[in-house]
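Understanding the architecture of this molecule
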Amino acid sequence: MSNRSPAVAGADDAPVSAAGEQQLNRGFSFRSAFSLAFADVSPIVALYAIFTLGLFTAGPAFFWAFPVVLAGQLMVALVFGEMASRWPFAGSVYQWARHVRGASWGWAAAWAYAWGLTIALSTLAYGASGFLLEALGVGAPSRAQTAGTALAILAIGSLANMIGRKVLKVMVIASILCEIAGSVGLSTYLLLFHRVNPVGVLFDGFGTQGTGSWLGGPMLIAVAFVGWSFVGFESAGAIAEEVENPERNVPKAIILALLSVAALVMFSSMAIILSIPDLGRVMAEKTGDPVTYTLTSHLGEAVGRPLLLMFVIGFVSSFLAVQAAVSRCLWGSARDNALPGSRRLARLAGPERLPVNAIALTALVAGVLTLVAGSELYSVLVNFTTMGFQISFAIPVVGALIARLRGTWRPGAFSLGRWGTPVTVLAALWTIAQTVNIAWPRASMGQEWYLRWSMVLTTGILTAVGVVVFLSVRSRMREPLAERLAAAPEPVAVPRQASSVAAEPSTAEEPAQP
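Let me sum up the structure you'll find in this document. Nothing here was measured: the structure is a model prediction, and the numbers come from that model.

Given a rise of 1.5 Å per residue, 30 residues ought to cover 44 Å, and the 42 Å separating the end C-alpha atoms of helix 10 (residues 246-275) matches this to within 8%. Counted residue by residue, helix 10 has 23 buried out of 30 residues, so it is predominantly covered.

Have a look at this one:
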C-alpha cells in the first residue's frame, strides 16, 4: 500500500487527485492542526465536565486518575501517529482501521465515531447555551429557552464551519488564549495566594470507598470519568488531507495536543483541589459546583461573568473542532461509497472546497438530539459519547496490533521503531480495559436500570442498526484510498503559467515508503 498524499504534484489546491479522487484543499499548517486538536479536547470543557463527578466519586485523590488515563491515551496517540503518517487521509479512525484491517473494521470505527461525536455536538451546544444565558443575566432559564439557544449556537457554529477554515482558525486561537488565561493564569494565582488545603489531600479519598477497596471502586469510576477529558486529540488526523506535509505534521500534532491538554487539566485540577474552602463540608454535602464555589469564594462574584464567557468560548470552540472532525470522517467514508447517500455526502462546495453536506448532516442530527435534551433518553444517549470514542479508538489500535503480530505492518515517515510493538500491545490492552470499565453498569450511573446499563444498551442498539446499514452498502464500497492511489498513474507537474503546454515530468518529492 502507498501512503502517497492524494494530490497532483505541482498543482496547489488541485480539486482532483491523479487517481481522479475528490480531495480537500490544503489549508492547515502544523500549528493549525495542533490548535484544532487542542480545541477539540479543550481543557476548559475537559475539566469542567468531569471535575465534580470525580471529586464526589473518589475524593480529592481522584486527581491520580489523570496520570493513569494519560499514560494509556499516550500509548494510543503514539499508535495513531504511526497510522496517520502512513495513511494521511481525511477520516482518522475510519481510514486507519480500513487500511490496516479491511472494510468492516473501518466501517465499524466510523459508525461508533460518527455517533459518539454527533451526540457530543448536541451536548456541547446545550452546555454552551446554559453558560451563555447565565452570562446574559437570564435567571433560571426554561428548557425551551436553553434548547432554543442551543439550536441557535448549533446553527451558527455549523454555518461558520461551512464558510471556511479561517473562522475555525480564529475560534481555536480564541480558545487557546482563554485556556492560557483561565487554566495557567488563574490556577497559578490560586496556588500562590489562595491555597487552603495541604498537598496531602491529593492522597485522601475522604471515605468514598466505604467498606471496600478505593482502587477497585471509586478509583476505577474516576478513571472512567477522566476518560472523557483526554479524547479528541485524534481530530488532527481527521483533517490530515488539509494539513501541509501531513505524514510528519499530523503525528506531532496528535501527540502534542494530548500532552498539552493533559498538563493544563492536571495543573488546574490540582490548583482547584488545594484551594477548595472547607473541603470537608463540600465532600460531606456533595452538592453544587465546587469549581465555581472555589473561584467565587476567593475572587468574589465579579469573576462570575468573565468565567461564564470563558466557558462559552471553550464550549463553542470545542463544538467547531468536533464538527470539523466528524464531518471529515463522514466525507471520507462517503468518498468510498461506504454510506447511504454517499454521492451527496462526498460533494465539496465553496471556494475552500469543504464537505458542506456532511457538516449539514451532523448539524441536523445534533439538532434533533438537542430537542430531547433534559429527558431520560438524552441522558442515555449522552452516556454513549465516551463509549463511542473508546470503541472507535480500540478498533484501529487492535487492528494495528494484529498487523504487527502477523508481520504485515510497514511504518511511514513517523515510526516508533523497535518500540512499536510493545507500545501497540499496551495501547490495545488499555483501550479494551477502558472500554469495559466505562461500560460497566454502576449505581453511580443512576438509580434506574436503563441508566446503569445505558452504555451496553446504546452500544447494542447502534451495533444492530449499523450491521443493517453496513450490509446495505458493503457491495458497492470501493477499495481503500491508498490502493486506488497506488494503482493510479504517477502525478505530473503542470506549469502554472501555461496549463495548455505539455506537462513536464513530476519533480515532486517521492513519498515515504510504507
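Let us look at the nonpolar core. Residues F51, F62, F66, F80, W107, F230 and I254 are the most contacted members of the largest nonpolar core, which totals 160 residues. No other element matches the 18 residues that helix 13 (residues 304-335) contributes to this core. If sequence neighbours within four positions are ignored, W107 has contacts with Y94, A338, L339, G466, V469, F470, V473 and M477.

Take the layout of surface pockets next. Volume-wise, the largest pocket comes out at about 1000 Å³. What lines the largest pocket is a set of 31 residues, among which A49, L53, T123, V382 and N383 lie closest to the centre. Broken down by element, the lining of the largest pocket gets its largest block of residues, eight residues, from helix 2 (residues 43-58). Classifying every residue of the lining of the largest pocket gives 19 nonpolar, 11 polar and one charged.

The tally for this structure, following the rule as stated, stands at four cavities of 30 Å³ or more. Of the pockets and cavities examined, the largest cavity occupies roughly 180 Å³. Forming the walls of the largest cavity are 18 residues, and the residues nearest its centre are L47, G182, I272, V291 and F311. Ranked by the residues each element gives to the lining of the largest cavity, the list is headed by helix 7 (residues 165-193), at five residues. Approximately 100 Å³ is the volume found for the second largest cavity. Considering the residues around the second largest cavity, the lining is formed by D40, V41, V45, A46, A120, L124, W228, S229, V231, S318, V322 and F389.

The next point concerns the packing of aromatic side chains. Overall, the coordinates contain 23 aromatic pairs when judged by the stated rule. Judged by centre distance (6.1 Å) and plane angle (50°), the rings of F66 and F230 are tilted. Of this pair, F66 sits in helix 3 (residues 65-86) while F230 sits in the loop between helix 8 (218-226) and helix 9 (235-238), and the two are 164 residues apart along the sequence. As far as the burial class goes, F66 and F230 line up, both buried. When the centroid spacing of 5.0 Å and the interplanar angle of 50° are considered together, the rings of Y189 and F193 count as tilted.

To continue, consider the environment of L53. Take L53: it is sitting in helix 2. Distance in space between the C-alpha atoms of L53 and Y126 is 19 Å, their sequence separation being 73 residues.

As a further point, take the side chain of T296. Tracing the backbone shows T296 in helix 12 (residues 290-299). T296 sits in the buried class, given a relative accessible area of 17%. A polar side-chain atom of T296 sits 2.8 Å from the main-chain carbonyl oxygen of T292. One polar contact links the side chain of T296 to the main-chain carbonyl oxygen of Y293, over a distance of 3.3 Å. Excluding anything up to four places from it in sequence, T296 contacts E301 and V303.

At a minimum axis separation of 9 Å, helix 7 and helix 10 run at an interaxial angle of 35°. Classified by chirality, the crossing of helix 10 by helix 7 is left-handed. Of the residues in helix 10, those in contact with E179, S183, V184, S187, T188, L190 and L191 of helix 7 are L264, F267, S268, M270, A271, L274 and S275. Grouping the constituent residues of the contact of helix 7 with helix 10 by class yields eight nonpolar, five polar and one charged.

Calculation criteria
Residues numbered from 1 in each chain as written. Predicted model: local features only at pLDDT ≥ 70, side-chain atom pairs only at ≥ 80, totals over all residues. Heavy atoms only, no water. Helix = DSSP H or I, 4+ residues; strand = E, 2+ residues; numbered from the N terminus. Expected span 1.5 Å × (residues − 1). Buried < 20%, exposed > 50% of the residue type's maximum accessible area, 1.4 Å probe, protein only. Core = buried A, V, L, I, M, F, W, Y, C linked by side-chain atoms within 4.5 Å. Contact = heavy atoms within 4.5 Å. 1 Å grid on protein atoms, 1.4 Å probe; cavity = no way out; pocket = protein on both sides within 12 Å on 5 of 7 lines; lining within 4 Å. Points joined across faces, edges and corners; volume = space filled by probe spheres on them. Nonpolar A, V, L, I, M, F, W, Y, C, P; charged D, E, K, R; others polar. Phe/Tyr/Trp six-rings, centres within 6.5 Å; stacked < 30°, edge-to-face > 60°. Polar contact = N/O pair within 3.5 Å; in protein donor to acceptor, adjacent residues only side chain to side chain. Axes fitted to C-alpha atoms, helices over the stretch in contact; angles between N-to-C directions. Left-handed = near helix turned anticlockwise from the far one by under 90°.

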